[in-house]
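A closer look at the structure
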Amino acid sequence: MSFKVRNKPEPLPPTPWLLLMFSLPAKQASQRVEIWRKLKRFGAVALRSSGHLLPSTPENLEHFEWLAAAIRKYRGQASVVLVHSIDDLPSEQLAQFFIEARSRDYEGLCRDLRKSAAEGNPSPARRARLRRRFQEILSIDFFHSPLRHRAERLLARFDQEAPWAPVPPRKGFHAKKGFQGRTWLTRPRPGIDRAASAWLIRRFIDPRARFRFAGNASSVKEAVPFDMFGDSGFGHRGDDCTFETLCKEFGIRDPRVRSIAQIIHDADLEDDKFGRREGWGIDRILAGWARTTISDEALLRRGMDLIDGLYRSLS
């Protein structure tokens, strides 16, 4: 008896595009505007023939499936199509559509940044709006518009004029050499500000730092308190969170640390001063872990790992 061995089928090439095709009843004008605004927020490009296009990613697929469900709820018709190629529109040309759309977005942002800089000393709320707008464009810049770097440079120059600018380290007490191999004390169940501050201490101030937890700053002798209640050690000062205070007191000037300081500030103080939303998810994750039975040490270590990943992701 002989058996015929069949060759395994070749794997299909990845599908590069997602196409949303839909129609809504003529009377659904407000729903049509709602869908259009969401397509714009997701970064979709409208094709001349019909439908809206996005690069094929799990996140974009979820966006289109969610929109399709909403359209059907409004008594419309919708289909999400996986598209390998379009005969009269090569992939390079499709990618160029997205680049041109994001370039227009960046151009508008650059105009507003120059206008705000010319007016001088824009309010924290305006700074936050411009920073948030940049983050929104960046999240849908799928093919890296060449104008992205121009917007980043203008935004960095814009931020340098903000009142946060780090100060040089003070002489004596706050020199790093006086804080080596120390025990650093903070409150139990650390959240985003304390976890980020511990990461900052270990990476930029005291590489051999040990961390302890207590509700009272005087409960561990010779420990350096941070983010404790009251005026002990390093904590919130003015409208600065503990992370910002440590940056200023020790003169830390790393550009990525500066970005993280803004992220931690907005997540911890919830005042949207810098328009940075990247820390909200980290804050919620730490809050969820804090409700479990893991130790304070393990919770702090996880938080420091998250901040380290954030630091490495920043350019």
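The rules behind each value
- Residues numbered from 1 in each chain as written.
- Predicted model: local features only at pLDDT ≥ 70, side-chain atom pairs only at ≥ 80, totals over all residues.
- Heavy atoms only, no water.
- Pairing = 2+ DSSP bridges.
- Helix = DSSP H or I, 4+ residues; strand = E, 2+ residues; numbered from the N terminus.
- Core = buried A, V, L, I, M, F, W, Y, C linked by side-chain atoms within 4.5 Å.
- Buried < 20%, exposed > 50% of the residue type's maximum accessible area, 1.4 Å probe, protein only.
- Contact = heavy atoms within 4.5 Å.
- 1 Å grid on protein atoms, 1.4 Å probe; cavity = no way out; pocket = protein on both sides within 12 Å on 5 of 7 lines; lining within 4 Å.
- Points joined across faces, edges and corners; volume = space filled by probe spheres on them.
- Nonpolar A, V, L, I, M, F, W, Y, C, P; charged D, E, K, R; others polar.
- Salt bridge = Lys/Arg side-chain N within 4 Å of Asp/Glu carboxyl O.
- Lys, Arg positive; Asp, Glu negative; His and termini not counted.
- Polar contact = N/O pair within 3.5 Å; in protein donor to acceptor, adjacent residues only side chain to side chain.
- Expected span 1.5 Å × (residues − 1).
- Arc of directions from axis to C-beta.
- Phe/Tyr/Trp six-rings, centres within 6.5 Å; stacked < 30°, edge-to-face > 60°.

What the 3 strands build is an open sheet, ordered S6-S5-S7; its pairing is parallel. At either margin of the open sheet sits one strand with a lone partner, and together these are strand S6 (210–213) and strand S7 (224–225). Bridging between strand S5 (residues 183–186) and S7 involves 2 bridges; their strand directions are parallel. If you follow Leu185 over to S7, its bridge partner there is Pro225.

Further remarks concern the nonpolar core. Inside soluble globular proteins, nonpolar side chains tend to come together where they are buried. If you look at the biggest cluster of nonpolar residues, it comprises 40 residues, and the most contacted ones within it are Trp184, Trp199 and Phe243. Within the residue set of this core, elements represented by two or more residues are helix H6 (192–205), S6, helix H7 (242–249), helix H8 (255–269), helix H9 (278–290) and helix H10 (296–313). The element best represented in this core is H6, accounting for 9 residues. Each residue touching Trp199, except ones within four places of it in the same chain, is listed here: Phe204, Phe243, Val257, Ile260, Met304, Ile307, Asp308 and Tyr311. Residues Leu19, Leu24, Leu47 and Leu67 belong to the second largest nonpolar core, which totals 24 residues.

Any space left empty among the atoms is revealed by the rolling of a water-sized probe across them. Of the voids in this model, the largest pocket is the one considered here, and its volume is about 960 Å³. Lining the largest pocket are 30 residues, with Lys40, Arg41, Phe42, Gly43 and Ile140 sitting closest to its centre. Among the secondary structure elements, those contributing two or more residues to the lining of the largest pocket are helix H1 (29–42), strand S2 (45–46), helix H2 (58–73), helix H3 (91–119) and helix H4 (124–139). Tallied by class, the residues present in the lining of the largest pocket amount to 11 nonpolar, 7 polar and 12 charged.

Evaluation of the coordinates by the stated rule reveals 14 salt bridges. A salt bridge links Arg203 to Asp308, with the nearest nitrogen and oxygen atoms 3.5 Å apart. Of this pair, Arg203 sits in helix H6 while Asp308 sits in helix H10; the two residues are 105 residues apart in sequence, bridging distant segments of the chain. Taking relative accessible area as the criterion, Asp308 reaches 17% and is therefore assigned buried. Because the salt bridges share partners, they merge into one network encompassing Arg187, Arg194 and Asp227.

On to the side chain of Asp206. When you line up the elements, Asp206 lands in the loop between H6 and S6. In this structure Asp206 is buried but unpaired, with Arg208 as the nearest side chain of opposite charge at 5.4 Å. Only 2.9 Å separates the side chain of Asp206 from the backbone nitrogen of Arg182, close enough to count as a polar contact. Residue contacts for Asp206: discarding those within four places in its chain leaves Phe179, Gln180, Gly181, Arg182, Trp184 and Ile201.

Glancing now at H2. Here H2 spans 23 Å end to end across 16 residues, near enough to the 22 Å set by a 1.5 Å rise per residue. Along H2, the residues that are buried comprise Asn60, Phe64, Leu67, Ala68, Ala70 and Ile71. End-on view of H2: buried residues confined to an arc of 165 degrees, all on one side of the axis. Residues of H2 that are exposed and point over 90 degrees away from its buried face: Pro58, Glu59, Glu62 and Lys73. Residues of H2 that are buried sit in contact with strand S1 (17–23), H1, strand S3 (52–55) and strand S4 (77–83). Of the residues trailing H2, Arg75 is marked for its positive phi of about 65 degrees.

Now for the pairing of S1. In this sheet, S3 lies alongside S1 in antiparallel orientation, the contact comprising 4 bridges. Opposite Trp17, over in S3, you have Pro55 as the bridge partner. Examined bridge by bridge, S1 and S4 share 7 bridges and lie antiparallel to one another. Bridge assignment links Leu18 to a residue of S4, and that residue is Leu82.

Note on aromatic pairs: each is described by the distance of the centres and the angle between the planes. Tallied over the entire structure, the rule returns 15 aromatic pairs. Ring centres 5.7 Å apart and planes at 45 degrees place the aromatic pair Phe98 and Phe143 in the tilted group. Placement of the pair is Phe98 in helix H3 and Phe143 in the loop between H4 and helix H5 (148–160), with a sequence separation of 45 residues. Classification of Phe98 by relative accessible area gives buried; the value is 2%. Geometrically, the ring pair formed by Phe204 and Tyr311 is edge-to-face, given 6.2 Å between the ring centres and 75 degrees between the ring planes. Taken together, the positions of Phe204 in helix H6 and Tyr311 in helix H10 put the pair 107 residues apart, joining distant regions of the chain. Grouping aromatic residues by their ring pairs yields a cluster made of Phe179, Trp184, Phe211, Phe226, Phe234 and Phe250.

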